[in-house]
Amino acid sequence: MINNLLEEVLRDKVLSSKYNITEEMINKAKLAPPYENKVIEYLAMIIKSKMVDMHGDITVYNQIKNLIK
Amino acid sequence: MASIINQISFQNFFNYFGSLEDNTYEFSEGVNIVVADNGGGKSKFFNGFLWIFYDEILDSDTKTRKNIKNQAVKVCSDKAKNEAAVNDLIECNVVLEFSDNRFRYRICKGFRIRKSKSDSSLTESSDWQVFFKDLEISKRDLQLLEFHEVYDDEEHKRILNKLIQPNLREYSLFQGEEVDKLIDFNQADSLNRAVKSLTNINKYDELEKITKYVADRAEKDMNDRVASNDAASQNYREKLDEKETKRNSLESEIEKLESYEHSYTENKGEVDKLEGLNENAEARKEFDDKIKDQNGKLKALKEEYDRLVEKLNERFFDGGFGWIAMGCEKGVSSFKEKLNKYREVRTIKKVSILSDDSNNQINLLPPDSPDSVTLQTMVEREHCYVCNREAKEDTEPWKHIVSLLNRKELGQNKSVQMFKNDLNDFFGDIQLGAQSYVGRIGGIQQSILRTREKEQELLERITRIKDKVKNLKDERSYLIIGDEDDMADARQIMGQYKGALTRLQKAEDDIVKAKNRIASLNESIRKDENELGRMRPEDTPKEYELHLDIASDLRDAAQRTRIRVFDGMILKLEKEANQHFQNLIKYNELAGGILRFKKNPRGTIDFKYLDEEGNEVTGASEGFQRMKVLAVLMAVISVNPYGYLYPLLADAPLSAFGQGFIKGFFEETDKVFPQSIILIKDLYDRDSENKLNKLGGELLKDASVSTIYLNQIPKDLKQIEVYTEHKKIK
């Protein structure tokens, strides 16, 4: 169910064209690494942290921020 | 994997007298049916589920759910209580086993009761001591044989939720008429609540919120970072402030939008609630207007009739009608005859009297004889105006004129009593008075006939209008709900409905305007963000920019995705619902309508039931109404890409709706629910050899039906000895 959420967002045309996300990448996309694209990693982390690990918003953000550093 | 109930056992639970082993029902995936006649233990069976999930049972006397703690004595089998000796302990338990893809779980709820005196009443709580047991849950790996007790309360809760999630229990566990409330189409949010509970659409809402939060925080971090940099220009700071102001406006617009949406929901709810009542009130008013109109006509006709009847007497004496003279034709001719005779006799008598008395003879002047004034003039002027000749004084002609002038004094004009007329002008008066009647006599019969025709015509028109009023009242009576027939209330309902409709329209307009303003502000903020990106100092860390860029793009993508998925879901929902509906009703002779789903300005779903012409259908039969609810429920479950993961447990979901609906229901249920346990009496036939009716026989052979149990009560038992026997017939 949650993977489906990831796929659906990645299918957004504006997002996929800006970040060159292909159909193959979408089909392979999972919440767990490895990630083929920074945006996929970003989105997967948000979904996993919020909806699987049930973290609060602040924790979710701090985890995301760590991806950048 | 879905949770599947493997078995349920009862021990001295209502009719289920005896040990758990004696009262065990084994089920598997697909459709499972328990057939029982009235009193055969269907509702008691369902009470087992209510106990497991809610610690409640349905009190069949009051039709309300009650906490089992206060009902223990009632719940325990009468036969067990009756057979118990003083101080005997009776076990009363319900044990349910279910499994997922890894474990098999056993849930046990129970209590013991002790008989405290020999003459204990079977229903009096004070005559029994009750000892409730703690919830017992154990589990075993599917590959192993032995169950292990689970002690942790949280784990207990998790296992119960695994069987059926609390927010889904209302859609998974229902009894009879409760089906109609699963999705109440008169409650604006009922369908949307079902959609949120049964699909993953709320996950998209959640994702939209968290990506927005992440993007906002990323932006704040970036702004803090840039603001702390001395190289940041004044223009940059001003732009940042400008953007912040727009963001505040955006927040304010979002708040307003929420308030408009709240108003929309409230008024939509009111409109939906009042729609039926308003239609009813309008229809009643329409009938009332027609009845009023007809009553007005009836009143006018009755008045006309009364006037006609009142004037019947007058017509006897009214010269215009003269009905009193009817049949007097002979009387008139006889009167005329007698009058003529009288006149004749009278004249003869008069002549005879005059002849007898010569002294009293009267010189009757011929016509045109001059009067005394003329005669005096003739004397004075010595001229006769009769013969136009001179009449000199003392001549014969002059003397003759003088003698005529003086005839009265000379006694020549002496009146005589010829005979005494005591009748005065009696006969003349009669003639005068009767004149108008006499003239009408010939037409009286015709006049009466015309009056009778008029009366008949009025009576017929009155009857026709009375019939019309009665028919209108009869038709109107079908619109009266219960004893409620107060038109003041109806007018109030119409007023309320109109008001709610106006407010709803306004809320819709406000929502559209607010959404436009929000879109415009968002667009403007995006432009500011781009501009700020260009204006950032060159030494701004690139990773911060990338962080913000990705976070903002994911926020926008999550928002667009939610809208896209929701719109797609509505289309799918409509398709699925109509498919399920047609399948559910396909064995019914009547064709059903079309289920229409539409996204409303608030961004939630509106539902309508339409005919082929697109008109809203009202007054569909209860069977169709229930199938509509089930079709929509099944559609909501079907649009979920992962299907439904819990069993359906239903007691008499379709009682009295006919075999066609039941057949369609079993076929469709199998497509949607991984497992269903249906308690039903409509397949029972006491006269048939296998106790199943024709449809029951068909289901017995149907491969999609996994198990069928037949519950029966042994014959000729006293009430306190009653217990349920069951046998697995499939």
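So, how was this worked out
Residues numbered from 1 in each chain as written. Chains lettered and ligands numbered in written order. Predicted model: local features only at pLDDT ≥ 70, side-chain atom pairs only at ≥ 80, totals over all residues. Heavy atoms only, no water. Pairing = 2+ DSSP bridges. Helix = DSSP H or I, 4+ residues; strand = E, 2+ residues; numbered from the N terminus. Axes fitted to C-alpha atoms, helices over the stretch in contact; angles between N-to-C directions. Core = buried A, V, L, I, M, F, W, Y, C linked by side-chain atoms within 4.5 Å. Buried < 20%, exposed > 50% of the residue type's maximum accessible area, 1.4 Å probe, protein only. Contact = heavy atoms within 4.5 Å. Phe/Tyr/Trp six-rings, centres within 6.5 Å; stacked < 30°, edge-to-face > 60°. Expected span 1.5 Å × (residues − 1). Salt bridge = Lys/Arg side-chain N within 4 Å of Asp/Glu carboxyl O.

**Observations concerning the sheet that holds strand E19 (residues 725–728) of chain B**
Residues and elements named next belong to chain B.
Link 1 in the chain: Pairing within the open sheet is mixed, and its six strands lie in the order E11-E16-E17-E3-E18-E19. The open sheet has two edge strands with one neighbour each: strand E11 (173–175) and E19. In this sheet, adjacent strand axes meet at a mean angle of 15° when their direction is disregarded.

**Considering the nonpolar core**
Residue and element names in this part refer to chain B.
Link 1 in the chain: Judged by nonpolar contacts, the single largest core of 152 residues is most densely connected at Ile 33, Phe 45, Phe 49, Leu 207 and Phe 597.
Link 2 in the chain: Per-element accounting of this core gives the leading share, 15 residues, to helix H16 (residues 542–584).
Link 3 in the chain: Among all residues touching Ile 33, those that are not within four sequence positions of it are Phe 666, Ile 678, Ile 680, Leu 683, Leu 699, Val 705, Thr 707, Ile 708 and Tyr 709.
Link 4 in the chain: Core analysis: the next-biggest nonpolar cluster, separate from the first, contains 15 residues, Val 271, Tyr 497, Ala 500 and Ile 525 among them.

**Notes on the packing of aromatic side chains**
All names here are of chain B.
Link 1 in the chain: Under the counting rule described, the total for this entry stands at 31 aromatic pairs over all chains.
Link 2 in the chain: With a centroid separation of 6.4 Å and an interplanar angle of 65°, the aromatic rings of Phe 581 and Phe 624 are classed as edge-to-face. Residue Phe 581 is located in helix H16, and its partner Phe 624 is located in helix H17 (residues 622–638); the two are separated by 43 residues in the primary sequence.
Link 3 in the chain: The buried category is assigned to Phe 624, whose relative accessible area is 7%.
Link 4 in the chain: Centroid distance Tyr 644 to Tyr 646: 5.5 Å. Interplanar angle 80°. Geometry classified as edge-to-face.

**Here we look at helix H1 (residues 42–54) of chain B**
Residue and element names in this part refer to chain B.
Link 1 in the chain: An ideal rise of 1.5 Å per residue puts 18 Å on 13 residues; H1 measures up with 18 Å between its terminal C-alpha atoms.
Link 2 in the chain: Judged by how many residues are buried, H1 sits mostly within the fold: 10 of 13 residues are covered.
Link 3 in the chain: Of all the residues in H1, the buried ones are Lys 42, Phe 45, Phe 46, Asn 47, Gly 48, Phe 49, Leu 50, Trp 51, Ile 52 and Phe 53.

**Quick word on the pattern of salt bridges**
All names here are of chain B.
Link 1 in the chain: Applying the stated rule across the entire model yields 70 salt bridges over all chains.
Link 2 in the chain: Across the pair Glu 219 and Arg 247 runs a salt bridge whose closest N-O atoms are separated by 2.9 Å. Taken together, the residues span a long stretch of sequence, with Glu 219 in helix H8 (residues 201–227) and Arg 247 in helix H9 (residues 234–317) at a distance of 28 residues.
Link 3 in the chain: On the accessibility criterion, Glu 219 (6% relative accessible area) is buried.

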